[in-house]
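# Architecture and fold: a report
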Amino acid sequence: AGVHRQILFTTVGWFVGYYLTKRMEYMHAKLDRELFEYVRQHPEDFKTAEKRRIGELLEDFHPVR
């Protein structure tokens, strides 16, 4: 293949990749907006848990001999 075809395919590939990336970012932003709006409208479903210390989360350490 000639150099002109390689340049053409590279350019086309770059534009297609750019378009697909922008579309993916748009879809994720739209989903995030919808989810955050749902969480904002239904706070009773998403209560924050009380803070616990790290010692309460981990099990007691008993060495095995």
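Residues numbered from 1 in each chain as written. Predicted model: local features only at pLDDT ≥ 70, side-chain atom pairs only at ≥ 80, totals over all residues. Heavy atoms only, no water.

Let me state the cut-off plainly: UniProt positions are given in the numbering used here, feature names are shortened, and annotations may be inferred rather than shown by experiment.
Under an unreviewed UniProt entry, the chain has the name NADH dehydrogenase [ubiquinone] 1 subunit C2 and belongs to Cariama cristata. Quoted verbatim from the Subcellular location (unreviewed entry) field of the UniProt record, the comment on the chain reads "Mitochondrion inner membrane". The heading Sequence similarities (unreviewed entry) in the UniProt record of the chain holds the text "Belongs to the complex I NDUFC2 subunit family."

## A few points about the pattern of salt bridges
To be explicit about the condition: Salt-bridge detection follows one rule: a side-chain nitrogen of Lys or Arg within 4 Å of a carboxyl oxygen of Asp or Glu. A helix here means a DSSP run of H or I that spans at least four residues, while a strand means a run of E at least two residues long, and both kinds are numbered starting from the N terminus.
Summed over all chains, the structure comprises two salt bridges. The residue Glu25 makes a salt bridge to Lys22 at a minimum N-O spacing of 3.9 Å. Remark: Lys22 and Glu25 occur in helix H1 (residues 3-41); sequence separation between them is three residues, near one turn of the helix. The closest approach of N and O atoms between Glu37 and Arg40, which form a salt bridge, is 2.6 Å. Taken together, the residues Glu37 and Arg40, both in helix H1 and three residues apart, mark about one turn of the helix.

## Focus: the environment of Ile54
As for its placement among the helices and strands, Ile54 is situated in helix H2 (residues 54-57). Along the primary structure Ile54 and Phe15 are separated by 39 residues, whereas in three dimensions their C-alpha atoms are 49 Å apart.

## Section: the environment of Asp60
When you line up the elements, Asp60 lands in the segment after H2. Residues Asp60 and Thr10, spaced 50 residues apart in sequence, show a C-alpha to C-alpha distance of 59 Å.

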